[in-house]
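Chain by chain, the residues run as shown.
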Amino acid sequence: MDNSTQTFGKKFILLGLSTIPGLQVFFSFLFLLMYMVSFSGNLILIIVVQFNTQLRTPMYFFLTNLAFIDICFSSTVVPKIISNTLSSDQSISFFGCAAQLYFHLALGSTECLLLAIMAYDRYIAICKPLLYNTIVGKTFCLYLAGGCWIVNLLNSFLLTFFTFRLPFCRSNLIRHFFCEMPPLFHLSCKDTWFNELMNYIAAGLIVLGSFLLILMSYLCIAMTILKIRSTQERLKAFSTCASHLTVVCLFYGTIMFIYLRPHYSYSPGQDKVVTVLYTVVTPMLNPIIYSIRNKDVIKAIKKTFYLRACK
């Protein structure tokens, strides 16, 4: 039998966030709380945009896409953590693990490209306002969003396929709380250089490329903001940009730490902490930073739920 097929039907054991049962429960409760905040915040944003025609602009089109991705992104990880904590069975099937990895990679990489598109959208709106409606039309937005999904669904399929072609002969214990490539590579008794090379190329192009595009966009935005005469307006604009960049750096920084560092420096304990930041924390912060702090969104939320209450 081929080595690559020896693990078909095999189960993996997810060792979770901690080996101490009490801490497992505490962390699971904390994850559940953050997941509920993330889910409700992103869902409210989607509902509000759908019921308010004045918010149907390119910016909010991309924000609703981001909200949908964030809901699905955290949903690939948190429910499995909760179920593993509440039950004595910490296993995940071979195909379940592959599916979790696939959707995690697809959604995470799509969010990377989407955040870059949103930064470009803000650049056009602030630096070239007279050309905004000409450049950023409905068709343009649909092509960009559709392109993000197609590219990353295909990319994630290739990465997942080649990861699960590896023979996992060393152990079936995954020293993580979900199926991710670095800990899976350490279970293989075959040289993983090809998989690591694919991982570096994909992460370099999608993650690092998107991050550099965002930095360039915000640099141009900052130069435009400096030309604003009103000190109050200038500080307000810088405050908004700073909050956006903080979350962006947290998201991209943690992903680059996991996927662009050398394979030999893998550290299970450290990786768990870092992974929490981009799988659970940033999806919770995104609706707050990008939407809840926006006056138009606050007005729309009040209007939407007031009208629903009146009915």
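What counts, and where the lines are drawn
- Residues numbered from 1 in each chain as written.
- Predicted model: local features only at pLDDT ≥ 70, side-chain atom pairs only at ≥ 80, totals over all residues.
- Heavy atoms only, no water.
- UniProt positions renumbered as here; feature names shortened; annotations may be inferred.
- Helix = DSSP H or I, 4+ residues; strand = E, 2+ residues; numbered from the N terminus.
- Rg over C-alpha atoms; globule rule 2.2 N^0.38 Å.
- Buried < 20%, exposed > 50% of the residue type's maximum accessible area, 1.4 Å probe, protein only.
- Contact = heavy atoms within 4.5 Å.
- Areas by Shrake-Rupley, 256 points an atom, 1.4 Å probe, with all protein chains shown as cover.
- Lys, Arg positive; Asp, Glu negative; His and termini not counted.
- Charge placed at Lys NZ, Arg CZ, Asp CG, Glu CD.
- 1 Å grid on protein atoms, 1.4 Å probe; cavity = no way out; pocket = protein on both sides within 12 Å on 5 of 7 lines; lining within 4 Å.
- Points joined across faces, edges and corners; volume = space filled by probe spheres on them.
- Nonpolar A, V, L, I, M, F, W, Y, C, P; charged D, E, K, R; others polar.
- Axes fitted to C-alpha atoms, helices over the stretch in contact; angles between N-to-C directions.
- Parallel < 35°, antiparallel > 145°, perpendicular 65-115°, else oblique.
- Left-handed = near helix turned anticlockwise from the far one by under 90°.
- Arc of directions from axis to C-beta.
- Disulfide = S-S within 2.5 Å.
- Core = buried A, V, L, I, M, F, W, Y, C linked by side-chain atoms within 4.5 Å.
- Pairing = 2+ DSSP bridges.

As named in an unreviewed UniProt entry, the protein is Olfactory receptor, taken from Engystomops pustulosus. One UniProt comment on the protein, placed under Sequence similarities (unreviewed entry), says "Belongs to the G-protein coupled receptor 1 family."

Turning next to the overall build of the protein. Within the protein, the regular secondary structure consists of 11 helices and three strands. Computed over C-alpha atoms, the radius of gyration of the protein comes to 21 Å, within 12% of the 19 Å expected from 2.2 N^0.38 for 311 residues, which places it in the range of a compact globule. Considering only C-alpha atoms, the protein reaches an extent of 70 × 45 × 35 Å along its principal axes. Sorting the 311 residues of the protein into buried and exposed places 48% on the buried side. Intrachain contacts of the protein at a sequence separation of at least 6 include 78% that bridge at least 24 residues. Just so you have it, the protein exposes about 15,500 Å², and 70% of that area is on carbon and sulfur atoms. Between the averaged position of the 24 positive side-chain charges in the protein and that of its 11 negative side-chain charges there is a distance of 11 Å.

Right, let's talk about empty space enclosed by the protein for a bit. This structure, assessed with the given rule, holds four cavities of 30 Å³ or more. Here the largest cavity is characterised by a volume of approximately 200 Å³. Around the largest cavity, the lining comprises 17 residues; the ones closest to its centre are L105, S109, V207, I255 and Y259. Broken down by secondary-structure element, the contributors of at least two residues to the lining of the largest cavity are α4 (94-127), α6 (138-163), α8 (193-225) and α9 (231-259). The leading source of residues in the lining of the largest cavity is α8, at five residues. Taken together, the residues of the lining of the largest cavity sort by class into 11 nonpolar, six polar and no charged. As a volume, the second largest cavity reaches approximately 110 Å³. Around the second largest cavity, the lining residues are P182, F185, E196, N199, Y200, I258, Y259, L260, R261, P262, H263 and Y266. Only α7 (181-185), α8 and α9 provide two or more residues apiece to the lining of the second largest cavity. A per-element tally of the lining of the second largest cavity places α8 first, with three residues.

In this section: the UniProt feature "domain: G-protein coupled receptors family 1 profile" (unreviewed entry) in the protein. Within the UniProt annotation, "domain: G-protein coupled receptors family 1 profile" (unreviewed entry) is assigned to residues 41-290. Split by type, residues 41-290 is 77% helix and 2% strand. Its first and last C-alpha atoms lie 11 Å apart.

Within this numbering scheme, the UniProt entry marks residues 25-48, 60-82, 102-120, 140-164, 200-226, 238-260 and 272-292 as carrying the feature "transmembrane region" (unreviewed entry). Split by type, residues 60-82 is 91% helix and 0% strand. Its first and last C-alpha atoms lie 32 Å apart. Across residues 140-164, helical content stands at 96% and strand content at 0%; the span's end C-alpha atoms are separated by 36 Å.

Where α8 meets α9, the closest approach of the two axes is 11 Å, and the angle between their N-to-C directions is 170°. Judged by the inter-axis angle, α8 sits roughly antiparallel to α9. By crossing handedness, the relation of α8 to α9 is classed as left-handed. Looking at side-chain class alone, the contact of α8 with α9 contains 21 nonpolar, three polar and one charged residues.

Let us look at helix α3 (residues 78-86). An α-helical turn contains 3.6 residues, so any two residues separated by three or four positions project in the same direction. Taken residue by residue, α3 has V78, I81, I82 and N84 as its buried positions. Along α3, the residues classed as buried sweep out an arc of 165° about the axis, all on the same side.

Our focus in this paragraph is the state of the cysteines. Under the defined criterion, the tally for this structure stands at two disulfides. In the protein, numbering the disulfide-bonded cysteines from first to last in sequence yields the connectivity 1-3, 2-4.

Here we take up the nonpolar core. Grouped together as the largest cluster of nonpolar side chains are 85 residues, with contacts concentrated most on F12, F31, F164, L184 and Y252. Residues within four places of L184 in sequence aside, it is in contact with F12, C97, L101, T163, F164, F168, I174 and C179.

A few words now on the pairing of strand β1 (residues 11-14). Here β1 shows a buried face lined by F12 and L14 and an unburied face lined by K11 and I13. Sheet topology places β1 next to strand β2 (residues 91-93); three bridges connect them, and they run antiparallel. Bridge pairing in β2 places I13 opposite S91. When β1 meets strand β3 (residues 173-174), the two strands line up parallel, connected through two bridges. Bridge pairing in β3 places I13 opposite L173.

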